[in-house]
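Below are the chains, spelled out letter by letter.
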Amino acid sequence: MTIQIRKPRVVAFTGSTRRPSKSRALAEAIGAGVREQLDADVTTFDVVDAGPGLGAAFTRHQLTPEAAAIVDAIEQADAVIAVSPVYKGSYTGLFKHLFDFVDQNALANKPVVVGATGGGHRHALIVEHQLRPLFGFFSALVVPTAVYASDHEFLDGRVVEPAVLERIEQAGTQLALLLAAQLQAAGARPELPIAHPERLDQPEQRRAVAS
């Protein structure tokens with residue numbers, strides 16, 4: 001009997017209300033970093049995809065079909081990439097509003113990368129002081145490396161700052177390794193299509209995922 005094994009599903013969601021945006025560019029770069037290590041399906045959504053009805057919804061059943069589809073995708077994902085632009089020192093209100101509709105148990109033990117974009121480095125700690133605690137509430141497994149990128153670290157809509165690119169690579173690798181380890185432990189994919197399987201045996205990578 002042949003068992004059909006699906007690819008792991010990664011959903012990236014950004015708090016951006018427009019496209020193109022630096023937040024989407026950062027989320028897509030992290031997603032590309034995941035795909036370099038693991039054969040996964042990565043789907044990216046922005047707040048704008050939820051439509052203007054998101055802010056008018058007080059309960060989940062009031063969500064528009066577009067917004068409800070994003071909530072469902074996040075809940076059903078094997079891993080999540082969450083990136084928000086910084087407004088007034090915090091993640092965007094609609095970004096948080098959408099996660100208010102995510103079931104509190106849906107992200108438990110799921111790997112998550114958090115990231116943010118802003119006008120300068122004074123906003124950089126949002127990833128540690130606001131985004132990481134948000135997903136801690138959900139009991140998600142937020143990877144050690146968070147990614148923040150300032151406006152001046154982009155060129156033509158892409159991250160070009162070497163230090164940020166290094167963190168993107170680290171975060172993508174950590175998410176891929178953690179997700180692969182979970183799937184292997186569950187017996188879902190006895191032979192995962194990992195781009196660099198030798199990295200699973202490197203002590204420094206195991207420490208990074210476990211920390």
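This text follows the structure it describes.
The written sequence of each chain sets the order in which its residues are numbered from 1. Under the rules for a predicted model, residues below a pLDDT of 70 receive no local features and side-chain atom pairs below 80 are neither given nor counted, while totals for whole chains, interfaces and linings still include all residues. Side-chain metrics rest on all non-hydrogen atoms present in the structure, leaving aside hydrogens and water.

K.L.:
Honestly, the nonpolar core in this entry has me stumped. Any pointers?
P.N.:
Soluble, globular proteins show a tendency: their nonpolar side chains are buried together. In this structure, Phe13, Ile74, Phe99, Leu107 and Phe135 are the most contacted members of the largest nonpolar core, which totals 38 residues. Breaking this core down by element, the ones donating at least two residues are strand E1 (9–14), helix H2 (47–50), helix H3 (65–76), strand E3 (79–87), helix H4 (93–100), strand E5 (111–118) and helix H5 (126–137). Other than its neighbours up to four places away in sequence, leucine 107 contacts Ile74, Val80, Phe99, Val102, Phe135, Phe138, Ser139 and Ala140. Grouped together as the second largest cluster of nonpolar side chains are 26 residues, Ala12, Ile30, Leu38 and Ala79 included. Joining through side-chain atoms within 4.5 Å is the link that ties buried Ala, Val, Leu, Ile, Met, Phe, Trp, Tyr and Cys residues into a set, and such a set is a nonpolar core. Three labels apply to residues, based on accessible area from a 1.4 Å probe with only protein chains included: buried if under 20% of the type maximum, exposed if over 50%, partly exposed otherwise in between. Each helix is a run of H or I in the DSSP string that is no shorter than four residues. Each strand is a run of E no shorter than two, and both are numbered from the N terminus. In this description, contact between two residues means that some pair of their heavy atoms is separated by no more than 4.5 Å.

K.L.:
I would appreciate a short explanation of the layout of surface pockets in the present structure.
P.N.:
Space left empty within the atom packing is revealed by a probe, the size of a water molecule, rolled over the atoms. Counted as a void, the largest pocket has a volume near 180 Å³. Both cavities and pockets are sets of points on a 1 Å grid over the protein atoms alone; in a cavity a 1.4 Å probe fits but cannot get out, in a pocket the set is open with protein on both sides within 12 Å along at least five of seven lines, and lining residues sit with an atom within 4 Å of a point. In this structure, the largest pocket is lined by Ser16, Arg18, Ser21, Lys22, Ser23, Pro85, Val86, Tyr87, Thr117, Gly118, Gly119 and Asp151. Elements with a minimum of two residues in the lining of the largest pocket: helix H1 (22–37), E3 and E5. No other element matches the 3 residues that E3 contributes to the lining of the largest pocket. Note on residue classes: Ala, Val, Leu, Ile, Met, Phe, Trp, Tyr, Cys and Pro are nonpolar, Asp, Glu, Lys and Arg are charged, and everything else, Gly too, is polar. Looking at the lining of the largest pocket residue by residue, the classes come out as 3 nonpolar, 6 polar and 3 charged. Grid points are joined across faces, edges and corners, and a volume is the space filled by probe spheres set on the points.

K.L.:
Is there a simple way to think about the environment of glycine 15 in this case?
P.N.:
Position of glycine 15 among the secondary structure elements: in the loop between E1 and H1. For the pair glycine 15 and valine 48, spaced 33 residues apart in sequence, the C-alpha to C-alpha distance is 8.2 Å. Not counting the four nearest positions on each side in its chain, glycine 15 is found in contact with Val47, Val83, Ser84, Pro85, Thr92 and Phe95.

K.L.:
Hey, could you run me through the pattern of salt bridges in this one?
P.N.:
Once their charged atoms are close, side chains differing in charge can pair, the charge on each being opposite to the other. Here, a salt bridge means any Lys or Arg side-chain nitrogen found within 4 Å of an Asp or Glu carboxyl oxygen. Applying the stated rule across the entire model yields 9 salt bridges. Arginine 24 is paired through a salt bridge with glutamate 28; the nearest N and O atoms lie 3.0 Å apart. Taken together, the positions of arginine 24 and glutamate 28, both in helix H1 and 4 residues apart, correspond to about one turn of that helix. Linking arginine 60 and glutamate 75 is a salt bridge whose minimum nitrogen-to-oxygen distance equals 2.7 Å. Highlighted residues: arginine 60 in the loop between H2 and H3 and glutamate 75 in helix H3, separated in sequence by 15 residues. Within the structure, one salt-bridge network assembled from shared partners comprises Arg19, Arg24, Glu28, Asp46 and Asp49.

K.L.:
Help me understand the pairing of E1 in this model?
P.N.:
Within E1, 5 of the 6 residues are buried, which leaves it mostly tucked inside the rest of the structure. When DSSP locates at least two bridges between a pair of strands, those strands are taken to pair. Across 5 bridges, E1 lies against E3 in parallel orientation. Across the sheet, residue valine 11 finds its bridge partner in E3, namely valine 80.

K.L.:
Would you explain the pairing of E3 in this entry?
P.N.:
Residues in a regular strand project their side chains so that they alternate between the two faces of the sheet. Along E3, 8 of the 9 residues are buried, which leaves the element largely enclosed by surrounding structure. Between E3 and the antiparallel strand that follows it, strand E4 (residues 90–91), lie 2 residues; lysine 88 among them carries a positive phi value of about 50°.

K.L.:
What should I look at first to understand the side chain of threonine 145 in this one?
P.N.:
Structurally, threonine 145 is set in the loop between strand E6 (141–142) and strand E7 (147–150). Within the structure, threonine 145 has its side chain in polar contact with the side chain of glutamine 174 (distance 3.0 Å). Once residues within four sequence positions are removed from consideration, threonine 145 is found in contact with Val113, Arg132, Arg167, Gln170, Ala171 and Gln174. A 3.5 Å cut-off defines polar contacts: any pair of N or O atoms within that distance qualifies, except that in protein one atom must be a possible hydrogen donor and the other a possible acceptor, and neighbouring residues in sequence count only when both atoms are side-chain atoms.

K.L.:
Could you clarify how one ought to interpret the side chain of threonine 92 in this entry?
P.N.:
Relative to the assigned elements, threonine 92 resides in the loop between E4 and H4. Dropping the residues within four chain positions of it, threonine 92 is found in contact with Gly15, Ser84, Pro85 and Tyr87.

K.L.:
Is there a simple way to think about unusual backbone geometry in this case?
P.N.:
In terms of backbone geometry, most residues other than glycine have negative phi values and most peptide bonds are trans. In the segment running from arginine 19 into proline 20, the intervening peptide bond is cis, with an omega of 0°. Turning to its location among the elements, proline 20 is positioned in the loop between E1 and H1. With a phi close to 60°, serine 139 is a non-glycine residue in the positive phi region. Among the structural elements, serine 139 can be located in the loop between H5 and E6. Its relative accessible area of 42% is what places serine 139 among the partly exposed residues. Unlike most non-glycine residues, aspartate 156 shows phi in positive territory, near 55°. Assignment of secondary structure puts aspartate 156 in the loop between strand E8 (154–155) and strand E9 (158–159).

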